[in-house]
Structures are given as structure tokens and as C-alpha cells.
Amino acid sequence: MDEESTLPNKSDFSGWYNDLLWRAEIMDVRYPVKGLYVWYPFGFALRKNTYAILREIMDRDHQETLFPLLIPEPEFMKEAEHIKGFEEEVYWVTHGGTTPLDVPLALRPTSETAIYPMYALWIRSHADLPLRLYQIVNTFRYETKHTRPLIRLREITSFKEAHTVHATWEDAENQVREAVRLYREFYDRLSIPVILSRRPEWDKFPGADYTLAVDTIMPDGRTLQIGTVHHLGDHFSKTFGITYEDAGGNQQCAFQTCYGISERSIAALISIHGDDRGLVLPPVVAPVQVVIVPITIGKRKDDVAAAAKKLESELKGAGFRVKSDDRALRPGAKYYYWELRGVPLRLEIGPRDLDAGVVTVVTRLGEKSTIPLATCIHDVGLALDRLSQVLMAHAGESLQKKLVMCQDILAAREVLDHGVALIHWCGNRECADEMEKATDASVLGTRVDSPYTTRTTGPCIVCGKEGELTLVGRSY
Ligand code: 5CA
Ligand code: ZN
């Protein structure tokens, strides 16, 4: 590691983000295909812990499955809106060796057209419904916007997509609400505050009745869409013939939803909590939750080393992810190393601590205290919990500061340089176009489930007609 050069300050967000990904060993961007990146083992451990939470949440009332990567062209081409939305983004497999394929195969950009023909075979009667499956797979999108690691990929490596089938439109709508609750819980557990909106008609998922989006605000004020939930109505079930026999023996068309999350969740995690010294990881996902640094300078080297080992095995036994760092480095170099990697707690143990029967605890946010060795398991657990709460509080405050109510375009323009504008909008496309042109930002959608309950309607900031609370932002 090169200690001479340092991480750029977080105020230079883009420089900080790119630098941190390699310094903290999250992603290697040197793979020679644009938009494809490599997970370092440390980054992959972070992914594993994050997706374990997602899996746990999904597994409550979904079943995990796995569909093929390749989709035959005729299936892919069946749903008109869906093709229109994706045709410029699909990678095609056209040859087997040197032989042209009879049927070209698409690399899935998402899996509706892989999954739904099978659903048509599987679903027979109302007793088969609701059906809720999900898979975590890689998907491919030939993105033409600026690609960025974890944020805009051409191979999305960690695409969690859920696909559900219901008897009625209303049942599907209830599933949409449930999915939003699940995504909120997921982000809550990562201490990531989110805002929810209903995307405008022209920005909904290709083939959906409507799209709800989960966004967060990045440190530079730009928004990142970190999850979407789509009500698919009967668009796909009609196309793919997903029908069921109702209780009266009649054939009915089913209704569907789908919802997805990608490694953008990890981009948000890194960006929202990190600081000038590197990653700051919520304990629930940190690959190393506690690092023990023995201060073995001077006499009693062996005693201290033995105490550190004992502490490590005790904490491990209690289920914490712990590492005792006994490398031959200065303590300062070790602090720097583990701070960069976001380790929530550092325990320092030296000869004096040993004599007093204590250990020094330093949180990743710099708070220092002393705990008795005798109660260290309990106290370490407490310190980790407290840190999670502090991270959520900080992140929540920072989001609220960036989300500003604006009464006119001029105010919105100012806010958009560092945050997101909350405005009233009548719902008309012309007003949205005008707003977008004047602010160089996009209408993210009407706010759903807002805490601003006192004033959800007001005059559209373009035309003055009655409008709904709407988010305008510059997004990644
Ligand atoms: N089939 C639906 C639901 S799974 C679908 O594909 N929805 S999506 O297109 O909105 O993608 C789901 C989520 O994946 C998005 O909300 C976004 O957070 C993430 N995502 C989309 N494109 C990319 C990309 N190129 N790189 C990283 N993440 C992406
Ligand atoms: Zn208007």
C-alpha cells in the first residue's frame, strides 16, 4: 500500500469514490471490458453480508430460483413495450463457434421473458397463486450513459429480481406495497435513508402499469435509484398466456409484479457512510466488525500478544467477526489500514490496559472509551449497536438537509447544485419538460408516503394548477 498518496477528501465525491474502491479493495476497475468490474475478496465479503440480509428478508415469503442467462429471440420479442424499452441495451449471442445460430439468444437484461413462459406452464389454478419467486443473478445491459463501478454496469453482477403472480390487479397492488415495505426494511438495516416516488409515465419500466422507485441522495446531492417495484398489470400475462382457473372453473388472466435491487445498494452504503479516512461500514455488513491491535512495543510483548489472542477467541466465540492484527507494523499504520476498510470498532490492548484489566475501544467515528475485559462481549455488542444508530441518525439528517421544498424554479435551481428539490407539479408533461429544461434536472416522480403530510398539494411551480408533491433531482 502506498501511504504517501492519500484518499481525496469526500467533498471531491467522484475522486473519493473511485479512489476508495481500489484502496479499500472493493472493486478493481482494470478489467479490459467497459462497464465490467472485478470484486476483490474484501468487496465480495461485503456483498455477501449485504445480500445475506436481502435473502433473509426475501426468504420469508418468496422462494429462490435460478433461470437461464440466455433468452431465445422470439420470446424476447413478444411484449412490444418491453422490447422497445430494452432493444438498444441487449447483447446478442449469434454464433455457436463459427456456426450462426438458428435462433439468436439474448443475454438477459432482466428476466421477464425468460421466466414468464415457464410461469405459463406452471400456473394452472387459483390454488397456485400467489406465486412469489426471486433470483440473484448477473444481467447484461449495453448502457450508453457513463458507466461507473457498482452504479452503472454493463454486467450487473448482483441483480436480485423478484417476479410475482396474482389472481387480481388489487392483489398485485398489495404485493407492490409489500415489496416497498421489504425494500424499506432492507435499507433501514443498512442505515440508508430512502425516498419513495412514483415515476412519471414516460419513465416507468417498459411493460409496467406503473413504477415505484426507491432513491437515496448521494453526498454530492445527486440521486441514486437503488430499487424499483413495478406493477405489471396483465401486460405480460396476456402476452405469455399466464392464466388460471378460478373457483368457478373459468379461465382468468393473472396479474403480475416484479421488483429489483442491484449492487447499487453497495454503492449507496459506501457513499453515504464513508468519510475522509475511508469506508465506514454498518456493523451488520462489515466483513470485519472488530479489529484488535496489540500494543506490543517494549516489555511484556508476550503477555499482550497472548491477551489479544484470548480476546479474539472470546469475541469470535460470541459470534463477532473479529481480527487480531499482529503484523509487524506500527500501531498507527494498522489504524490507518483498518479505518480505510471501515471496521466499526478497534480494540487496543497494551501493558497498562492489561494491568488495569481493561481494553481501549475506539469507534470508526473516533469515540474513545475504556471497557473492562470481564464484560467485553456485552460492551462490544452495545458499542456496535450504538454505532449503527448513530450512522442511521447521521445519514437521515444529511438526507433531510439535501431535500428542500422550493416554491419556484429559481429556488429549485439553486437547491439542485447540492440536493433534491421538492416542488408541486400538476402532472402534465409540458410542465415537466419546462421544469427539466430550466433546471437541468429530471422529474423523479410524485412523492409517495411523504412525511410532509400537512401540505401534499399546492400550485404547480410551472402553471399554477393544483399539483402533487414531486421530487426533482439530478440522478446517476
Ligand atoms: N425487471 C425489473 C424488476 S427486477 C427491472 O429490471 N427493473 S429495473 O430496470 O428498474 O432494475 C432494477 C434495479 O436495478 C434498478 O432500480 C437499479 O437500482 C438497478 N439497475 C438498473 N440498471 C443498472 C445498471 N446498469 N447497473 C447497476 N444497477 C442497475
Ligand atoms: Zn403544471
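Draft legend 1. Spotlight on the state of the cysteines. Within this structure, the stated rule accounts for 0 disulfides. There is no disulfide at cysteine 406, and the cysteine sulfur nearest it, in cysteine 460, is 14 Å away.

Draft legend 2. Broad picture of the site of ligand 1. Around ligand 1, a shell composed of 21 residues is seen, among which Thr110, Glu112, Glu143, Gln225 and Thr228 lie nearest. Here an oxygen atom of ligand 1 and a side-chain polar atom of arginine 141 are 2.9 Å apart. In this structure, threonine 228 approaches ligand 1 through a side-chain N or O atom, which is 2.7 Å from an oxygen atom. Protein burial of ligand 1: of its 590 Å² of free accessible surface, 96% is covered by the chains. For the shell around ligand 1, the secondary-structure elements that each account for two or more residues are strand S8 (155-166), strand S11 (223-233) and strand S14 (255-261). Residue contributions to the shell around ligand 1 peak at 5 residues, all from S11. Broken down by class, the residue content of the shell around ligand 1 amounts to 8 nonpolar, 7 polar and 6 charged.

Draft legend 3. Broad picture of the packing of aromatic side chains. Tallied over the full model, the rule gives 18 aromatic pairs. Residues tyrosine 119 and tryptophan 122 carry aromatic rings whose centres are separated by 6.1 Å and whose planes lie at 45° to one another, so their mutual orientation is tilted. Taken together, the residues span about one helical turn, with tyrosine 119 and tryptophan 122 both in helix H5 (residues 112-122) at a distance of 3 residues. Three or more aromatic residues joined by ring pairs make a cluster, and in this case those are Phe67, Tyr116, Tyr119, Trp122, Phe236 and Phe240. One Lys or Arg, lysine 10, reaches over the ring of tryptophan 16 and ends 5.1 Å from the middle of that ring. Arginine 341 extends its terminal NZ or CZ atom over the ring of tyrosine 337, reaching a point 3.6 Å from the ring centre.

Draft legend 4. Representation of helix H2 (residues 41-59) within the structure. A rise of 1.5 Å per residue sets the reference length of H2, with its 19 residues, at 27 Å; its end C-alpha atoms lie 25 Å apart and thus fit the reference within 8%. Turning to H2, its buried residues are Phe42, Gly43, Leu46, Arg47, Asn49, Thr50, Tyr51, Ile53, Leu54, Ile57 and Met58.

Draft legend 5. Structural context of the sheet that holds strand S6 (residues 99-107). Taken in spatial order, the 3 strands of this open sheet run S4-S6-S5, and their pairing is antiparallel. Of all strands in the sheet, those bounded by a partner on one side alone are strand S4 (70-72) and strand S5 (92-96). Taken over all neighbouring pairs, the strand axes of this sheet differ in orientation by 45° on average, direction set aside. Summarising the sheet, S5 and S6 pair through 4 bridges and their orientation is antiparallel. When the bridges of S6 are listed, histidine 95 appears paired with proline 100.

Definitions and limits used
- Residues numbered from 1 in each chain as written.
- Chains lettered and ligands numbered in written order.
- Predicted model: local features only at pLDDT ≥ 70, side-chain atom pairs only at ≥ 80, totals over all residues.
- Heavy atoms only, no water.
- Disulfide = S-S within 2.5 Å.
- Near = heavy atom within 4 Å.
- Polar contact = N/O pair within 3.5 Å; in protein donor to acceptor, adjacent residues only side chain to side chain.
- Areas by Shrake-Rupley, 256 points an atom, 1.4 Å probe, with all protein chains shown as cover.
- Helix = DSSP H or I, 4+ residues; strand = E, 2+ residues; numbered from the N terminus.
- Nonpolar A, V, L, I, M, F, W, Y, C, P; charged D, E, K, R; others polar.
- Phe/Tyr/Trp six-rings, centres within 6.5 Å; stacked < 30°, edge-to-face > 60°.
- Lys NZ or Arg CZ within 6 Å of the ring centre and 35° of its normal.
- Expected span 1.5 Å × (residues − 1).
- Buried < 20%, exposed > 50% of the residue type's maximum accessible area, 1.4 Å probe, protein only.
- Pairing = 2+ DSSP bridges.
- Axes fitted to C-alpha atoms, helices over the stretch in contact; angles between N-to-C directions.

Interpretation note: all reported values are geometric properties and have no functional meaning in isolation.
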